[in-house]
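Inside the fold
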Amino acid sequence: MSKTYYTKEHEWIMVEDGIGTIGITDHAQEQLGDIVFVELPEPGLDVEQGDEACVVESVKAASEVYAPISGEVVEANEALAENAALVNESAEADAWFIKIKLSNADELEELMDKAGYAEFVESES
Amino acid sequence: MSDQQGDTPLKRTPLYDVHTRLDAKMVPFAGYEMPVQYPLGVLKEHLHVRSSAGLFDVSHMGQAFLIPADGEFKTAAAALETLAPGNFAALKPGRQRYSQLLNDEGGVLDDLMVTRLGMQGHEHWIYVVVNAACKTRDFALIKKSMPDNVEMKILDDMALIALQGPKAVDVLAGFAPKVGDMAFMSSLDLPVSVEGSEMWMHVSRSGYTGEDGFELAIKSKDVEQFWQALQAHPDVEAIGLGARDSLRLEAGLCLYGHDIDETTTPVEANLTWSIGKRRRESGGFPGADKILAQLKEGPGKKLVGIRPGGRAPAREGTKIFSVDGDEIGIVTSGGYGPSVGGPVAMGYVRAEHSAAGTVLELEVRGKRLPANVQPLPFVTHNFYRKKK
């Protein structure tokens, strides 16, 4: 059983069997515009919740992607190194950034569910 | 995402309603609310200009006439030459030059376009276009430097739009056939008929993209109708400031406040070509001592094109190191070049590291990334050259 959570920094995390797959939301890619480069961490890196984990660059500017939860990076999406534009095409599926092995599943309780995130985006605009 | 600037209300150009109807993303820029991109997006807008024709609103820029009461062009040209190193006195009617207003240290206060009008009876008039962020200071400086018999008329009632790209000439010739054979950096003043309405435009064959194209000054009251008519052409897309920036960066063109400012001279910025030959000998402009010395001995730092080796863009402010690890400069403009298909940048390096091909290192997020000095422009200029 997988469940997807969202952050106020517009990341999503899909958790299944203690592994969280992380990306940025479709709303975020829309705001950023054309993505031209994604910098990903090496597997093996330990991150704390809220740490800067990845960088995503549009034509105009660089933006940080924060770790929604703490844990060890176990995989980075190599497809993004070749084709950063995949983030614009498939932000919430194919263009995941990293997978993290959760060290503290309780942190998920601070995150939003899909409906909560939709409400949050609405309130921000 | 963008910083709001104080409490001063943002100004709007006469095309503001057009941009919002086009669903542009509006951002504060130089005190104006300007379109940074339209729904097409920066990347596609950029590529569209390189392959077809793009329409830009640049009405935030400052426009003015300098009108000598004695009817002598040289009266206004000589006064302007006390502020800038261009050879304005040699301008023929209808011709345009790029130049810079300088401070006493030879630093750049602003860059500007200077045109001698070609219209009969107005050949003694000068038309200047300056950057939006600098226009108040520029106009105060110019006014102070003009003799009493030269009137400076700020054109607050004029909009400015640019039509750029290889198809720009065909699109504009549909309204004004005469533009077809205009020389690069020349101008015309002529009436145009847009859907039955007669209006007047000052058109120059110039721009800020590296492509062939035109800049059109039109009365604010008429500009919306002309914009709509141009945009209705199937080859034309509206283009925002985002693509304007990536286009000019690939074309190796300086952006004021970034690649040039009060701490850089035209010689350091590779703009020596814009300093008139006569002026290089006789001086007579602010900072001439320093600039003439730099021309003779070479400047200590130089603006160069930089091609990062990987895929990561190096943004403005990125520190530049030699392969020996010495800090030798800083990136002043950097991003992704959609036509190049990779990151591109410009920055100042110490002169001994400025030769094309020199290997550099860029410090991006704490990591040193390899890069090369590359001759500018990154994309070949596609300016119009008259057939012989």
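Below you will find a few notes about this structure. (Residues numbered from 1 in each chain as written. Chains lettered and ligands numbered in written order. Predicted model: local features only at pLDDT ≥ 70, side-chain atom pairs only at ≥ 80, totals over all residues.)

1. Quick notes on the sheet that holds strand β4 (residues 35–39) of chain A
Residue and element names in this part refer to chain A.
- Taking strand neighbours across the sheet as the criterion, the three strands line up as β4-β6-β7 in an open arrangement whose pairing is antiparallel. Two strands close off the open sheet at either side, each with one partner strand: β4 and β7 (62–66). The average angle at which neighbouring strand axes cross in this sheet is 25°, direction not considered.
- Judged from the five bridges that link them, strand β6 (residues 52–58) and β7 form a sheet pairing that is antiparallel. Bridge pairing in β7 links Glu57 to Ala62. (Pairing = 2+ DSSP bridges. Helix = DSSP H or I, 4+ residues; strand = E, 2+ residues; numbered from the N terminus. Axes fitted to C-alpha atoms, helices over the stretch in contact; angles between N-to-C directions.)

2. Concerning unusual backbone geometry
Residue and element names in this part refer to chain B.
- Look at the link from Leu376 to Pro377: it is a cis peptide, with omega at -5°.
- When you line up the elements, Pro377 lands in the segment after β19 (367–374).
- In this structure, Asp23 is a non-glycine residue whose phi angle is positive, near 65°.
- Examined against the element boundaries, Asp23 turns out to sit in the loop between α1 (16–21) and β1 (25–29).

3. Quick look at the environment of Trp200 of chain B
Residue and element names in this part refer to chain B.
- Residue placement: Trp200 occurs in strand β11 (residues 197–204).
- Judged by the 12 C-beta atoms lying within 10 Å of it, Trp200 falls in the exposed class.
- Taking the C-alpha atoms as reference, Trp200 lies 38 Å from Val267; in sequence the two are 67 residues apart.
- For Trp200, the residues in contact, after removing those within four places along its chain, are Pro191 and Lys219. (Buried ≥ 20, exposed ≤ 12 C-beta atoms within 10 Å, placed from the backbone. Contact = placed C-beta atoms within 7 Å.)

4. Some words on the interface of chain B and chain A
- Every contact between the two is made by 14 residues of chain B and, on the other side, 10 residues of chain A.
- Looking at the side of chain B that touches chain A residue by residue, the classes come out as six nonpolar, five polar and three charged. (Nonpolar A, V, L, I, M, F, W, Y, C, P; charged D, E, K, R; others polar.)

5. Description of the sheet that holds strand β3 (residues 53–57) of chain B
Residues and elements named next belong to chain B.
- Strand order in this open sheet of six strands is β10-β11-β12-β9-β3-β13, and the pairing throughout is mixed. Only two strands of the sheet have a single neighbouring strand rather than two, namely β10 (187–194) and β13 (236–238). Pairs of neighbouring strands in the sheet enclose a mean axial angle of 30°, with direction left out of account.
- As judged from the four bridges shared by β11 and strand β12 (residues 213–219), these two strands associate in the antiparallel manner. Each residue of the ladder has a partner; that of Ser204, found in β12, is Glu215.
- Contacts from helix α6 (residues 220–231) reach β3, β9 (158–164), β10, β11, β12 and β13, with the element oriented near 140° to β12.

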